[in-house]
Amino acid sequence: MASPLRIDGAHAARMYDYYLGGKDNFPADRAAAARVVDLLPSAPTGSRANRRFLGRAVRFAAGRGISQFLDIGTGLPSSDNTHEVAQAAVPDARVVYVDNDPIVLSHARAKLRSTAEGRIAYLDGDFRDPASILDAPQTKALLDLSQPVALLLVALLHFIPDAEEPADLLARYRDALAPGSVLVLTHGTGELLPPAVAESVTLAYARAGLDIVSRTHAEVAGFFGELDLVQPGVVPVHEWRPDNDEDRGLTAIEVPGYAGVAVKRG
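Residues numbered from 1 in each chain as written. Predicted model: local features only at pLDDT ≥ 70, side-chain atom pairs only at ≥ 80, totals over all residues. Heavy atoms only, no water.

The name that an unreviewed UniProt entry assigns to the protein chain is SAM-dependent methyltransferase, with the source organism given as Streptacidiphilus cavernicola.

I'd like a rundown of the overall build of the protein chain, residues and numbers included.
Counting its secondary structure elements, the protein chain contains 11 helices and 8 strands. Computed over C-alpha atoms, the radius of gyration of the protein chain comes to 17 Å, within 12% of the 18 Å expected from 2.2 N^0.38 for 266 residues, which places it in the range of a compact globule. With respect to the three principal axes, the spread of C-alpha positions in the protein chain is 45 × 40 × 40 Å. Counting all 266 residues of the protein chain, 53% fall into the buried class. (Helix = DSSP H or I, 4+ residues; strand = E, 2+ residues; numbered from the N terminus. Rg over C-alpha atoms; globule rule 2.2 N^0.38 Å. Buried < 20%, exposed > 50% of the residue type's maximum accessible area, 1.4 Å probe, protein only.)

Break down the environment of Thr216 for me, with residues and values.
Take Thr216: it is sitting in the loop between helix 9 (195-207) and helix 10 (217-222). For Thr216, a relative accessible area of 29% puts it in the partly exposed group. In this structure the C-alpha to C-alpha distance between Thr216 and Val261, which are 45 residues apart in sequence, comes to 17 Å.

Describe unusual backbone geometry, with residues and values.
Residues Gln231 and Pro232 are joined by a peptide bond in cis, for which omega reads 10°. Take Pro232: it is sitting in the loop between strand 6 (228-229) and strand 7 (235-236). Its identity as a non-glycine residue notwithstanding, Ala155 has a phi of 55°, on the positive side. Checked against the element boundaries, Ala155 lands in the loop between strand 4 (150-153) and helix 8 (166-176). Classification of Ala155 by relative accessible area gives partly exposed; the value is 21%. Phi angles above zero are rare outside glycine, and Glu165 is one such case at about 55°. Along the polypeptide, Glu165 turns up in the loop between strand 4 and helix 8. Exposure remark for Glu165: the relative accessible area of 45% places this residue in the partly exposed category.

Before we move on, could you go through helix 3 (residues 43-63) and cite the residues and values that matter?
Relative to the 30 Å expected for 21 residues at 1.5 Å per residue, helix 3 spans 30 Å between its end C-alpha atoms, a close match to the ideal helical length. Counting buried positions along helix 3 gives 16 out of 21 residues, so the element sits mostly inside the fold. Immediately beyond the C-terminal end of helix 3, within one or two residues, lies Gly65, with a positive phi of roughly 90°. (Expected span 1.5 Å × (residues − 1).)

Which residues make up the pattern of salt bridges, and what values go with them?
A pair can form between side chains of opposite charge whenever their charged atoms are brought close. One pass over the structure, following the stated rule, counts 11 salt bridges. For the salt bridge of Arg52 with Glu246, the shortest nitrogen-to-oxygen distance reads 3.4 Å. Of this pair, Arg52 sits in helix 3 while Glu246 sits in helix 11 (residues 245-248); the two residues are 194 residues apart in sequence, bridging distant segments of the chain. Glu246 gets classed as partly exposed once you look at its relative accessible area, which sits at 46%. The salt bridge partner of Arg56 is Asp247, with a shortest N-O separation of 3.1 Å. Here Arg56 is found in helix 3, whereas its partner Asp247 is found in helix 11, with 191 residues between them in sequence. Per residue, the accessibility class of Arg56 equals that of Asp247, and both read buried. The network of salt bridges with shared partners includes Arg52, Arg56, Glu246 and Asp247. (Salt bridge = Lys/Arg side-chain N within 4 Å of Asp/Glu carboxyl O.)

Please give an account of the packing of aromatic side chains that cites residues and values.
If you walk through the whole model with that rule in mind, you get 6 aromatic pairs. Ring geometry for Tyr18 against Tyr19: centres 6.4 Å apart, planes inclined by 70°, an arrangement best described as edge-to-face. Geometrically, the ring pair formed by Phe127 and Tyr173 is stacked, given 5.1 Å between the ring centres and 10° between the ring planes. One end of the pair, Phe127, is in the loop between strand 3 (119-124) and helix 6 (130-134); the other, Tyr173, is in helix 8, with 46 residues separating them in the sequence. In this structure, Phe127 and Tyr173 share a single accessibility class: buried. A network of ring pairs unites the aromatic residues Phe53, Phe60 and Trp240 as a single cluster. (Phe/Tyr/Trp six-rings, centres within 6.5 Å; stacked < 30°, edge-to-face > 60°.)

Requested: an account of the pairing of strand 1 (residues 68-72), with residues and values cited.
Across the 5 residues of strand 1, 5 count as buried, placing the element largely inside the fold. Every second residue of strand 1 is oriented toward a common face, with Gln68, Leu70 and Ile72 on one face and Phe69 and Asp71 on the other, all of them buried. Of the pairings in the sheet, the one linking strand 1 to strand 2 (residues 94-99) comprises 5 bridges and is parallel in character. If you follow Leu70 over to strand 2, its bridge partner there is Val96. Note: strand 1 against strand 4, 3 bridges, orientation parallel. Counted as the bridge partner of Phe69 is Ala150 from strand 4. (Pairing = 2+ DSSP bridges.)

Structural data, given as structure tokens:
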């Protein structure tokens, strides 16, 4: 079930919307995000780079012939949403958006529209309950899990603490994917920041009531399990197959997160 509707406390998706320059956020989100920006002025730059990576990864999956996308922790609608990128390449692509925040779901339903050939659905679900997502009527209606699917976990796993065993949870999703499927993820890290800045950002999120976990390159790479990483492997977000001068001109300290894409072989 979706979390109760609360606007008096900060929410990660609405803070991300603030970083992207969106308007679907509230005073508590803006205050918390502004504190992060004070500590890490490149936070909006990194968020935009993360969004551009999403587009590149979706186009990569579509280029492999994948027409099914499961986007968990989708966040608030912005430009170049998953289905828009996917359906531009594959008009009949089908996308299931998953989030457990009622504001995210209400905005998605109001703003996101599929092509006539394709289909999209919105699912109230939580990454920490794989069965509720994989077995949901919306998932079963749109996605054929016996065929390749692109599973998207973009800027999500750093909000799942070790105590909730994100690697084990992710393994359950990987096991459900058919050969030829693609796993796409990004993950924030303090490894690419000065230690004092990384610690301060983590504390700022904690003071806003949000736990954020910095993981190492090796830990992020481990989330892909037995899947085959595609080149260039797990790298800073802006370094994953950049196709524009903006990403090519960035540095890791401006985009403190790792990205990777991997394929499940037969």
